[in-house]
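Below, each chain spelled out in residue letters.
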Amino acid sequence: MPTASSPLQDRDGIDTALGERYYKNSKELEEKCTDEIIDVIRRAIDVGFQKHGMARRDAHAYDNGCVRAIFRVVSDLDPSLQQGVFVPGREYEAWIRFSNGNSEERSRWWPDARGMAIKLMSVAGAKLMDDEQHTQDFILISHPVFFIDDLERYKALLETFLKGGIADQYVWAPLKLRGREILLSYAANLLWISNPLFHRYWSMTPYRLGVDPARKLAVKYTAIPRAVPKRSLISRLWPYLRCGGDFH
């Protein structure tokens, strides 16, 4: 697990060896945009608190369930991945929270991004933040990639999206984006699933694995369900119905 004093970071705190760079190659611009995004989120939370008397987070504010789990590392794990918590054969007690992605309370049947947050317990080692010790989190989402990589457009989207209205979130906010970003945002946020246990989740963004300069890797995580629901008659016939009954 990387620590705050990790030698892998350059003097500005980024890992150039793994390809990290500042937004538009400007540390000052990235910090400015980051502060502005944080302020947008803070103001939205303040508005929600004044309206409802509760300060809810800006995303994944409502859960679908929380389960206890055992996080087991396979005994034949590739040696290159045997770093940090990934000790072959090691087991950790864990909590998993499944959530809706939206900041607003909507039906669990409403199309939305879905989250799967895994918290390992009894993990040794220093952490970057000192508000919680002996844990490690894996944050997974129901879509493989984040829909945007531009801080300024992301801020503009959040300013509209966090107003909370359906038109704000699904019509006006995406207009702050550009072509492919719009398509990805709808693909990520208009997902309908019947059971969160039957869906696949991804980390979306890459993470650094390991602190040894000779072994460190950029990795992404995914959770694939082992239980597959039985397909209904409608789901089996749907491809043919969609093609107008052409079975060829």
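Residues numbered from 1 in each chain as written. Predicted model: local features only at pLDDT ≥ 70, side-chain atom pairs only at ≥ 80, totals over all residues. Heavy atoms only, no water.

> Help me out: how do you make sense of the overall build of the chain in this one?
A count of helical and extended segments in the chain gives 5 helices and 8 strands. In sequence order, the secondary structure elements of the chain are arranged as α-β-β-β-β-α-α-α-β-β-β-β-α. About 16,100 Å² of surface is accessible on the chain, with carbon and sulfur atoms providing 57% of the total. (Helix = DSSP H or I, 4+ residues; strand = E, 2+ residues; numbered from the N terminus. Areas by Shrake-Rupley, 256 points an atom, 1.4 Å probe, with all protein chains shown as cover.)

> Could you clarify how one ought to interpret the confidence of the model for the chain in this entry?
Looking at the chain, pLDDT values average 87 and 87% of them are 70 or higher. Contacts from residues 1-9, a stretch scored under 50 in pLDDT, to residues over four places away or in other chains number 26 contacts. Taken together, the stretch residues 244-248 has pLDDT below 50 and engages in 3 contacts with residues farther than four places along the chain or on a different chain. (pLDDT = per-residue confidence, 0-100. Contact = heavy atoms within 4.5 Å.)

> Looking at this structure, how should I read the environment of Q133?
With respect to the secondary-structure elements, Q133 resides in the loop between β3 (114-121) and β4 (135-141). Taking the relative accessible area as the measure of exposure, Q133 reaches 38% and is therefore partly exposed. When the C-alpha positions of Q133 and S122 are compared, they lie 8.6 Å apart, and in sequence the two are 11 residues distant. (Buried < 20%, exposed > 50% of the residue type's maximum accessible area, 1.4 Å probe, protein only.)

> Is there a simple way to think about the packing of aromatic side chains in this case?
Each aromatic ring pair is characterised by the separation of its centres together with the angle its planes make. What the rule picks out here adds up to 13 aromatic pairs. Between W110 and Y170, the aromatic rings sit 6.2 Å apart at their centres with planes inclined by 55°, giving tilted as the arrangement. Placement of the pair is W110 in the loop between β2 (91-100) and β3 and Y170 in helix α3 (residues 166-172), with a sequence separation of 60 residues. A relative accessible area of 32% places W110 in the partly exposed class. Look at Y170 and you get buried, because its relative accessible area is 13%. Counting every residue linked through ring pairs, the aromatic cluster contains F71, F86, Y92, F138, Y207 and Y221. Sitting over the ring of W110, R106 keeps its end group 5.7 Å from the ring centre. (Phe/Tyr/Trp six-rings, centres within 6.5 Å; stacked < 30°, edge-to-face > 60°. Lys NZ or Arg CZ within 6 Å of the ring centre and 35° of its normal.)

> It is not clear to me how the environment of M116 should be interpreted in this structure. Could you clarify?
One can find M116 in strand β3. Separated by 50 residues in the primary sequence, M116 and C66 place their C-alpha atoms 9.6 Å from one another. Those residues within four positions of M116 in sequence are excluded, and the remaining contacts are I96, R97, F98, F138, I139, L140, Y201 and A223.

> Got a minute to help me understand helix α2 (residues 151-161) in this structure?
Because each turn of an α-helix spans 3.6 residues, side chains separated by three or four positions end up pointing in the same direction. By the burial criterion, the buried members of α2 are R153, L157, L158, T160 and F161. When α2 is viewed along its axis, its buried side chains cluster within an angular range of 165° and face the same direction. Residues of α2 that are buried make contact with α1 (27-52), α3 and α4 (179-189). The N-cap residue of α2 is D150: its side-chain oxygen and the backbone nitrogen of E152 are 3.1 Å apart. (Arc of directions from axis to C-beta. Polar contact = N/O pair within 3.5 Å; in protein donor to acceptor, adjacent residues only side chain to side chain.)

> Got a minute to help me understand the pattern of salt bridges in this structure?
As a working rule, side chains carrying opposite charge can pair if their charged atoms are close by. A complete count under the given rule lists 14 salt bridges for this structure. A salt bridge links K24 to E152; its shortest N-O distance comes to 2.9 Å. Highlighted residues: K24 in the segment before α1 and E152 in helix α2, separated in sequence by 128 residues. Accessibility expressed as a relative area gives 48% for K24, which makes it partly exposed. E152 sits in the partly exposed class, given a relative accessible area of 37%. Across the salt bridge formed by E91 and R72, the nearest N and O atoms sit 2.6 Å from each other. Remark: R72 occurs in strand β1 (residues 62-72) and E91 occurs in strand β2; sequence separation between them is 19 residues. Note on E91: relative accessible area 42%, which makes it partly exposed. For R72, a relative accessible area of 54% translates into the label exposed. (Salt bridge = Lys/Arg side-chain N within 4 Å of Asp/Glu carboxyl O.)

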